[in-house]
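Chain by chain, the residues run as shown.
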6 protein chains.
Amino acid sequence: MRSFNRGSSDLRPVVLTPGVSRHAEGSCRVEFGHTQVLVTCSVEERVPPHVLGTGAGWLTAEYGMLPRATHERSSREAAKGKQTGRTMEIQRLIGRSLRACVDMKTIGVRTLTFDCDVLQADGGTRTASITGAYVALVWALQKLKTKGLLSGTPKLTPVAAVSVGLMKGVPLVDLDYEEDSTADVDLNIVALQGAKLVEVQGTAEHGYFEKAGLDAMLEAGLAAIAKLNEAQAKAMP
Amino acid sequence: MRSFNRGSSDLRPVVLTPGVSRHAEGSCRVEFGHTQVLVTCSVEERVPPHVLGTGAGWLTAEYGMLPRATHERSSREAAKGKQTGRTMEIQRLIGRSLRACVDMKTIGVRTLTFDCDVLQADGGTRTASITGAYVALVWALQKLKTKGLLSGTPKLTPVAAVSVGLMKGVPLVDLDYEEDSTADVDLNIVALQGAKLVEVQGTAEHGYFEKAGLDAMLEAGLAAIAKLNEAQAKAMP
Amino acid sequence: MRSFNRGSSDLRPVVLTPGVSRHAEGSCRVEFGHTQVLVTCSVEERVPPHVLGTGAGWLTAEYGMLPRATHERSSREAAKGKQTGRTMEIQRLIGRSLRACVDMKTIGVRTLTFDCDVLQADGGTRTASITGAYVALVWALQKLKTKGLLSGTPKLTPVAAVSVGLMKGVPLVDLDYEEDSTADVDLNIVALQGAKLVEVQGTAEHGYFEKAGLDAMLEAGLAAIAKLNEAQAKAMP
Amino acid sequence: MRSFNRGSSDLRPVVLTPGVSRHAEGSCRVEFGHTQVLVTCSVEERVPPHVLGTGAGWLTAEYGMLPRATHERSSREAAKGKQTGRTMEIQRLIGRSLRACVDMKTIGVRTLTFDCDVLQADGGTRTASITGAYVALVWALQKLKTKGLLSGTPKLTPVAAVSVGLMKGVPLVDLDYEEDSTADVDLNIVALQGAKLVEVQGTAEHGYFEKAGLDAMLEAGLAAIAKLNEAQAKAMP
Amino acid sequence: MRSFNRGSSDLRPVVLTPGVSRHAEGSCRVEFGHTQVLVTCSVEERVPPHVLGTGAGWLTAEYGMLPRATHERSSREAAKGKQTGRTMEIQRLIGRSLRACVDMKTIGVRTLTFDCDVLQADGGTRTASITGAYVALVWALQKLKTKGLLSGTPKLTPVAAVSVGLMKGVPLVDLDYEEDSTADVDLNIVALQGAKLVEVQGTAEHGYFEKAGLDAMLEAGLAAIAKLNEAQAKAMP
Amino acid sequence: MRSFNRGSSDLRPVVLTPGVSRHAEGSCRVEFGHTQVLVTCSVEERVPPHVLGTGAGWLTAEYGMLPRATHERSSREAAKGKQTGRTMEIQRLIGRSLRACVDMKTIGVRTLTFDCDVLQADGGTRTASITGAYVALVWALQKLKTKGLLSGTPKLTPVAAVSVGLMKGVPLVDLDYEEDSTADVDLNIVALQGAKLVEVQGTAEHGYFEKAGLDAMLEAGLAAIAKLNEAQAKAMP
């Protein structure tokens, strides 16, 4: 039996709580079951060199895990003086995903930085981060609009993400930590509303997988993303 | 008028919520008004070299601030590859404070690490961390006891901390960020229950202060620490 | 017209030259068109802590790019004191890919480290690295066998990798740098011989892609991998 | 009996030798008994960003300990690539202390950097550094005046510092290394001439201390600081 | 018998292959026997601060060794986050040597960076680097000239380098790794065509050496450098 | 006229003051004119891995420059988190020089670390360091002997070093900073007593030098080293 008594294609309970930070322009606390991520969206009125002069804005992300977000305490990256390869990989993925959901020419010449900090980890921290970051983004843009800092209306399509595993040939949606450790394949899907794929990252943890398995996982994942879009819609300003 | 409509010797609303982490042996979310710190206590069955062979255990602390815990986003220490002097100073203070409240020969040959991560900052993050860490400590020791991992009963005295400022000669207890920025003096007091001082750190932010001002601040601070001890008592296992 | 006068499903000229290093246990210089990677496989008679005591061996990879492997000189990671997120992401991918092609219980209690250093870059450096590393692996195992250091015969399945892009709906196999910069989607496929998928990483560089596009890319990519397996077969000991 | 045959409220022999550096604008070699610190004050005609445009100057400090300044050799911070928390804490304290003794609007738009390098350590390196840095400061300002680089006369009040311990209830002034290791409490006091407190940092090394003990230490410390001010006066230009 | 059946004053086979990089403005693959170094010369239209405003250009060098260029794998400097002292020493030597062979006022206000990456090491990597870098320099300047980016003709004198050892009193030219490990003295000579010394670095590996030995090594080394100049002449544009 | 009214072959006033550190096993403050270096020799009862099991001891050196040892303040290496190439080069040279003057099999299985910290710089800091380190070495060995920690008598030959420049063809001995900046060639010579060369490092700062110039510099340098040996003899235990 899966955690939360759910079937193979069910998400864990999803809670999206926007506005949890007094300081950030946009924020969202996102829970996928026991996984909890605090996402803030910070607006700064400058852009990185490679965007300068194009008239467009920029979105970027940083990811971190509190040392005891995990079963065993892991050492603090700030103390080691080095981010792990895993951290870098995840924050690059979150950044690309967010940049795919908005036309950056419509947000003004500014940078929006998403800080995704995992308070508690139980699998799916990167997919929860992306799903919550979209909510934080919309609230941040709303705040800019209210302040009269946006000339037009940014073009946005909801983006969300989910992990899917393959366990003895059956696709399991939204893996928790234990499932993630035992699944044969781990697939992370990022998509815009309407089954528009943005990122597909599948890894055989043991052995390999075949095209049919990939197809089954994609179908289950895209259905779950549609449900995440519904949850996001309820957390809009 | 001070925030939360309080008088000069009043604390902000204090909320101590133990057991907020599924994974950590002990944990406490501590709020001093808008300041929020997540404290976890992790138990590891090894001790650092300088304690090895003494039969005693060890307590240590790490401190971090989420990038957007503050009004303006500050850069992530893990990304810069370096902890600031302020971070190091604070985590050393937290560690010393916790080591003062327990006889380390009574906790077994193990290390207890307190991770104090500031989710939202509005002044007093180090004093909130110490106050919450004591709660996390008691819960962690309780868990060890329940599991039969403690041979005796650890000797403990509650420790708590508060900041006091001096504004035009009047001591103000538990400064928020705005008060902290404008006070003439900033004093952090750490004490064991019963007005037993563990640390006193006073800094003239502008000019200097006199003995009489220090006395007034200490008196107000120790009274506030007694109230923090009451709040801690309600959060015990 | 594509570089090397090739059609949309053609690889660039592939050259696999084993035995290019006097010192390494196994080595292969791999060229995918103008992309050139020097791969060495180094054998060390120890394993990392997480493998210790399992009786198995371990495979790992490191990746680097010479500063002027690219059109513009990029700064030397050793001089900056930091590997980029891209470097870390790629070397993690190479390591996982190689670990998928061999039963690590059959190689003895030792670590095989693949150093993939890009001498010249023109797109596809990670896929070339994986394809060449398999050749270096087989030569290194052969050397161990010759020296009597292998008790049995390692279980191996050839692994290779290719990138596929989508340009106006048409899948293009083995993108060079210019194509890579302009393609709408970039998909990296790692597979064992026989269309057994190990990794699938697809990213929409502009906008998004649909399931049909992914299917087309996968089909073209797996066909190309079969051709890479043929090239690998010719470079075997 | 205390070192140098002194009573509980006596300082060790204090030697302040200004002008020891050919290159620095101001300098002072300070000895508190066997503790020796070389302080230089360097003037640079620029200010850090947070001061820019205010018309004021800035003072800052760096602290270091030669590897064999101590009983056992400690590793070189430059070789480890990292300053310890203790180093950072001390240099922040020195900087704050110096900024308290002068009106920074009266020194011109420039930065004065105090390098405090411990040649030999026997307790009290931070208090010796502050006491000697004041002397170096006055000489540096004198040099600027002579060169016609100061428009007015900087407003200065002498600053000095001393440590006080509590040993079985008795306050001991100016602890040497051995006393520092065994005292129950360690208090560092920084004050402007006239018992004007700038910093008070007291730590219970074992157990705790009470208000009465703090009062006794402060009284003894302020008396000692008055004597340090006399020694400083003799080292003025 | 020495490697390659050579006499005490003979170089190993020298191969200089210019133009091996598609991207770099100048490049040369240099082989001294089994030692192989890939040298690229990159032109950037900016100069470091200390040259700015002088009208001159600048030449600088970086050196690296692939992890398995050596008999045993050495760890990757980029992964350790630190270049070794040996690496720094060598790249400083290469930079000085190249700056000695050209009048930097005649190359325009630009920086030429020589990346010397050792693909395979068998002694003499620094001397091979210098010898090959001169070839890469000439090709890069030729390219600038062809593009009309040079106003005049740069003043150049060929520079080359060789190592000489002393084995039981006999000077051995161009030591390979094994000889280098056993020689009593190791001398690196860098000279401009015509026995004009630029650098002389001699180290007694065991014991010491006398003036007569130094004289003998210098004579043999300068003769070998003349032969390297001949090889360079054949690799000119 | 040269500084200190000296002729071309004269050293600056040399002062060697042993025993300046209370803590170090051996120490020497060395002055070459205005250049001042504090050298300590620390004995630790362990050896690095590559010496372990050989029965021999080891000598190593570290070098540092106080930030304001120089005309302009340079940034602190510990604060930058990185030693410069110059620092590394110098400390490697000092280490090699000291290892040449003693048979390491005769000092016991221990490491002697020489910390050479430049208090004031005016040219020749590396040669002063080596010359003073020999004195510190002898005192440290004497201390070991007195304590009964040496089984035999270490075999020692005095080592010293000097710089020589070439100014319009004339060799100048022991260059100060200004001469060092303007000389055409800079040669550092390290030798054992009796004109036994250990290191010869000559660099043409402008242009080149010829064999005759090198010979003249060597002759002048070796004569000066003989005088340094005399100064060392007077500072022996």
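Definitions and limits used
Residues numbered from 1 in each chain as written. Chains lettered and ligands numbered in written order. Predicted model: local features only at pLDDT ≥ 70, side-chain atom pairs only at ≥ 80, totals over all residues. Heavy atoms only, no water. Helix = DSSP H or I, 4+ residues; strand = E, 2+ residues; numbered from the N terminus. Rg over C-alpha atoms; globule rule 2.2 N^0.38 Å. Buried < 20%, exposed > 50% of the residue type's maximum accessible area, 1.4 Å probe, protein only. Contact = heavy atoms within 4.5 Å. Areas by Shrake-Rupley, 256 points an atom, 1.4 Å probe, with all protein chains shown as cover. Pairing = 2+ DSSP bridges. Axes fitted to C-alpha atoms, helices over the stretch in contact; angles between N-to-C directions. Expected span 1.5 Å × (residues − 1). Buried area = accessible area lost by both parts, 1.4 Å probe. Salt bridge = Lys/Arg side-chain N within 4 Å of Asp/Glu carboxyl O. Polar contact = N/O pair within 3.5 Å; in protein donor to acceptor, adjacent residues only side chain to side chain. Nonpolar A, V, L, I, M, F, W, Y, C, P; charged D, E, K, R; others polar. Core = buried A, V, L, I, M, F, W, Y, C linked by side-chain atoms within 4.5 Å. Least-squares fit on C-alpha atoms with pLDDT ≥ 70 in both. Parallel < 35°, antiparallel > 145°, perpendicular 65-115°, else oblique. Left-handed = near helix turned anticlockwise from the far one by under 90°.

Details of the overall build of chain A
And step 1. Tallying secondary structure elements over chain A gives five helices and nine strands in all.
And step 2. The secondary structure elements of chain A, listed N-terminal to C-terminal, are β-β-β-β-α-α-β-α-β-β-α-β-β-α.
And step 3. In terms of overall size, chain A behaves like a compact globule, its C-alpha atoms giving a radius of gyration of 18 Å where 237 residues would be expected to give roughly 18 Å.
And step 4. Each principal axis of the C-alpha atoms in chain A carries an extent, and together these give about 55 × 40 × 30 Å.
And step 5. Here chain A holds 237 residues, and 61% of them are scored as buried.
And step 6. Contacts in chain A between residues at least 24 apart in sequence constitute 69% of all its contacts with a sequence separation of at least 6.
And step 7. A total accessible area of about 8900 Å² is found for chain A, and carbon and sulfur atoms account for 52% of it.

Re the sheet that holds strand β4 (residues 58–65) of chain F
Residue and element names in this part refer to chain F.
And step 1. Strand order across the open sheet formed by five strands is β1-β2-β3-β5-β4, with mixed pairing between neighbours. Of all strands in the sheet, those bounded by a partner on one side alone are β1 (14–18) and β4. Averaged over neighbouring strand pairs, the angle between their axes works out to 15° when direction is ignored.
And step 2. In the packing of helix α2 (residues 85–100) onto the sheet, the strands contacted are β4 and β5 (111–120), and the crossing angle to β4 comes to about 145°.

Quick word on helix α2 (residues 85–100) of chain C
An α-helical turn contains 3.6 residues, so a residue and the one three or four places further along point in the same direction.
And step 1. In this model α2(C) runs 23 Å from its N-terminal to its C-terminal C-alpha over 16 residues, within 8% of the 22 Å that 1.5 Å per residue would give.
And step 2. Of the positions making up α2(C), those classed as buried are C:G85, C:T87, C:M88, C:E89, C:I90, C:Q91, C:L93, C:I94, C:G95, C:S97 and C:L98.

So, the interface of chain B and chain A
And step 1. Across the boundary between the two partners, chain B contributes 38 residues, which contact 38 residues of chain A.
And step 2. Carbon and sulfur atoms make up 48% of the area that chain B and chain A hide from each other, which totals about 2800 Å².
And step 3. We note a salt bridge from A:D115 to B:R73, for which the minimum N-O separation is 2.6 Å.
And step 4. At the junction of chain B with chain A, the criterion picks out 24 residue pairs in polar contact (both at pLDDT 80 or more).
And step 5. For the side of chain B that touches chain A, the elements supplying multiple residues, two or more each, are β3 (35–44), β4 (58–65), α1 (77–80) and β5 (111–120) of chain B.
And step 6. Here the side of chain B that touches chain A is composed, by residue class, of 14 nonpolar, twelve polar and twelve charged.

Quick notes on the nonpolar core
And step 1. A:F114, B:F114, C:F114, D:F114, E:F114 and F:F114 are the most contacted members of the largest nonpolar core, which has 433 residues in total.
And step 2. Excluding its chain neighbours within four sequence positions, the residues that come into contact with E:F114 are E:V39, E:T40, E:C41, E:L59, E:T60, E:A61, E:E62, E:L98, E:A133 and E:L137.

Structural notes on the environment of A:T113
And step 1. Inspection of the secondary structure puts A:T113 in strand β5 (residues 111–120).
And step 2. Note on A:T113: relative accessible area 4%, which makes it buried.
And step 3. Non-local contacts of A:T113, meaning those with residues more than four positions away in its chain, are made with A:T40, A:C41, A:S42, A:E44, A:T60 and B:R73.

Re the relation of the copies chain B and chain A
And step 1. The transform that puts chain B on chain A rotates by 180° and translates by 0.0 Å along the axis, for an RMSD of 0.0 Å. Here the copies are linked by what is in effect a two-fold axis.
And step 2. When the interface residues of chain B are mapped onto chain A, 100% of them are again interface residues, pointing to one common binding face.

Here's the deal with the sheet that holds strand β7 (residues 170–173) of chain F
Across a sheet, strands are paired by hydrogen bonds formed along the backbone, either parallel or antiparallel in direction.
And step 1. Here eight strands make up an open sheet; going across it, the order is β7(E)-β6(E)-β8(E)-β9(E)-β9(F)-β8(F)-β6(F)-β7(F) and the pairing antiparallel. Either end of the sheet is taken by a strand with one partner, and the two such strands are β7 (170–173) of chain E together with β7 of chain F. Sheet twist, expressed as the average angle between the axes of neighbouring strands with direction ignored, equals 25°.
And step 2. Pairing of strand β6 (residues 159–167) of chain F with β7(F), which is carried by four bridges, proceeds in the antiparallel orientation. From the neighbouring strand, F:G165 faces β7(F), where its bridge partner is F:L172.
And step 3. Contacts between helix α3 (residues 125–146) of chain F and the sheet are confined to β6, β8 (185–192) and β9 (196–204) of chain F, with β6(F) contributing the most and set at about 160° to the helix.

A few points about the environment of B:I107
Residues and elements named next belong to chain B.
And step 1. Secondary-structure assignment places I107 in the loop between α2 (85–99) and β5.
And step 2. A residue is classified by how much of its surface remains accessible, and I107, at 0% relative accessible area, is buried.
And step 3. The spacing of I107 and T182 is 75 residues in sequence and 42 Å in space, taken between C-alpha atoms.
And step 4. With residues up to four places along the chain from it excluded, the contact list for I107 reads G57, W58, L59, V102, L112, L141, L150 and P154.

With respect to the relation of the copies chain C and chain E
And step 1. Mapping chain C onto chain E calls for a screw motion: a turn of 180° about the axis and a shift of 0.0 Å along it, with 0.0 Å RMSD after fitting.
And step 2. When the interface residues of chain C are mapped onto chain E, 100% of them again fall at the interface, so both copies present the same face.

Regarding the environment of F:N229
Residues and elements named next belong to chain F.
And step 1. Note that N229 resides in helix α5 (residues 211–234).
And step 2. Residue classification places N229 among the buried residues on the basis of a relative accessible area of 6%.
And step 3. Residues N229 and L192, spaced 37 residues apart in sequence, show a C-alpha to C-alpha distance of 8.9 Å.
And step 4. Once residues lying within four places of it in the same chain are set aside, the contact partners of N229 are P158, A160 and Q193.

Brief notes about the interface of chain C and chain E
And step 1. Opposite the 38 residues of chain C that make contact, chain E presents 38 residues.
And step 2. Roughly 2800 Å² is buried in total at the junction of chain C and chain E, and carbon and sulfur atoms are behind 48% of that figure.
And step 3. Counting across the interface, chain C meets chain E through twelve salt bridges.
And step 4. Seen at the junction of chain C and chain E, the total is 24 residue pairs in polar contact (both at pLDDT 80 or more).

Focus: the arrangement of the chains
And step 1. Separated in space, chain B and chain E share no contact, their closest pair of C-alpha atoms being 11 Å apart.
And step 2. A gap remains between chain A and chain F, with no contact made and the closest C-alpha atoms lying 11 Å from each other.

Some thoughts on the side chain of D:R12
All names here are of chain D.
And step 1. Of note, R12 is situated in the segment before β1 (14–18).
And step 2. Here R12 falls in the buried class, since its relative accessible area comes to 2%.
And step 3. Of note is the side chain of R12, whose polar atom sits 3.1 Å from the backbone oxygen of G123.

A short note on the side chain of E:Q83
And step 1. Note on placement: E:Q83 falls in the loop between α1 (77–80) and α2 (85–100).
And step 2. If we ignore the near neighbours within four places in the chain, the residues touching E:Q83 are C:R76, C:A78, C:A79, E:Y63, E:E77, E:M88, E:Q91 and F:M88.

Looking at the packing of α2(E) against α2(F)
Helix-helix packing is described using two parameters, namely the angle between the two axes and the distance between the axes.
And step 1. For the pair α2(E) and α2(F), the least separation of the axes is 9 Å and the interaxial angle reads 110°. As far as their axial angle goes, α2(F) and α2(E) are roughly perpendicular. By crossing handedness, the relation of α2(E) to α2(F) is classed as left-handed. When α2(E) is examined against α2(F), the residues E:G85, E:R86, E:M88, E:E89, E:R92 and E:R96 are found in contact with a partner set consisting of F:G85, F:R86, F:M88, F:E89, F:R92 and F:R96.

Fair warning: the whole summary comes from geometry, so function is off the table for now.
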